[in-house]
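What follows is the residue order along each chain.
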Amino acid sequence: MKTVLVNSLKTRISIVKEVKTSSATGAPIYVEELVKSVRAGQNEINVDEDEDGKIRVLFTTQFVIRHNNLFTKGKANAWMVIDADALKYNIVSVVEIGKPKTYLQINTVRRE
């Protein structure tokens, strides 16, 4: 992993989770609840298929943010990222990077 520079965290993203609540009629619905809004570096990853039609990578976009304990140890795996263009991404995994652990790499898949 190359060195992350603070000035490379240029994109404002929102990390949200879906919370189950009830509508006015009492029916269960899911609403998005903001967990945290942060600055991030965004890297698009090309997804290639091999001859058998198998996908080579499991995620399409990486976001790098400053380290925050809210997102470590599997806590954020069911959450999603919303970028500045209002595109939504499901979080696949979060990896601590840097020494000492100063940044987090959030691996995501874009939602359709």
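Residues numbered from 1 in each chain as written. Predicted model: local features only at pLDDT ≥ 70, side-chain atom pairs only at ≥ 80, totals over all residues. Heavy atoms only, no water.

Chemist: Mind showing me how you'd approach the nonpolar core here?
Modeler: A general tendency of soluble globular proteins is for nonpolar side chains to be buried together. If you look at the biggest cluster of nonpolar residues, it comprises 14 residues, and the most contacted ones within it are Ile13, Ile15, Ile65 and Val81. Of all elements in the fold, only strand S1 (11-22), strand S2 (28-44), strand S3 (61-66), strand S5 (88-97) and strand S6 (103-110) reach the threshold of two or more residues within this core. For Ile65, the residues in contact, after removing those within four places along its chain, are Ile13, Ile15, Val38, Arg39, Ala40, Phe71, Thr102, Tyr103, Leu104 and Ile106. (Core = buried A, V, L, I, M, F, W, Y, C linked by side-chain atoms within 4.5 Å. Buried < 20%, exposed > 50% of the residue type's maximum accessible area, 1.4 Å probe, protein only. Helix = DSSP H or I, 4+ residues; strand = E, 2+ residues; numbered from the N terminus. Contact = heavy atoms within 4.5 Å.)

Chemist: Please explain the pairing of S6 as it appears in this structure.
Modeler: Consecutive side chains along a regular strand alternate between the two faces of the sheet. Buried residues dominate S6, accounting for 6 of its 8 residues. Across 6 bridges, the pairing between S3 and S6 is antiparallel. Following the sheet pairing, Gln62 is matched in S6 by Asn107. Relative to S6, S5 runs antiparallel, the two sharing 8 bridges. (Pairing = 2+ DSSP bridges.)

Chemist: For this particular structure, what's the right way to read the sheet that holds S6?
Modeler: Strand pairing within a sheet occurs via backbone hydrogen bonds; the two strands may be parallel or antiparallel. In space, the 6 strands of this closed barrel follow the order S1-S2-S3-S6-S5-S4, with antiparallel pairing throughout. Taken pair by pair, the neighbouring strands of this sheet meet at an average axis angle of 45°, ignoring direction. Bridge count for strand S4 (residues 80-82) against S5 is 3 bridges, and the pairing is antiparallel. What sits directly across from Ile82, in S5, is Lys88. (Axes fitted to C-alpha atoms, helices over the stretch in contact; angles between N-to-C directions.)

Chemist: I tried to follow the side chain of Gln62 on my own but got confused; where do I start?
Modeler: With respect to the element layout, Gln62 can be found in strand S3. Setting aside residues up to four positions removed in sequence, Gln62 forms contacts with Gly41, Gln42, Asn43, Ile45, Gln105, Ile106 and Asn107.

Chemist: I would appreciate a short explanation of the pattern of salt bridges in the present structure.
Modeler: Pairing is possible between side chains of opposite charge, provided their charged atoms come close. Counted by the stated rule, this structure contains 3 salt bridges. A salt bridge links Arg111 to Glu18, with the nearest nitrogen and oxygen atoms 4.0 Å apart. One end of the pair, Arg111, is in the segment after S6; the other, Glu18, is in strand S1, and 93 residues separate them in sequence. Taking the relative accessible area as the measure of exposure, Arg111 reaches 32% and is therefore partly exposed. (Salt bridge = Lys/Arg side-chain N within 4 Å of Asp/Glu carboxyl O.)

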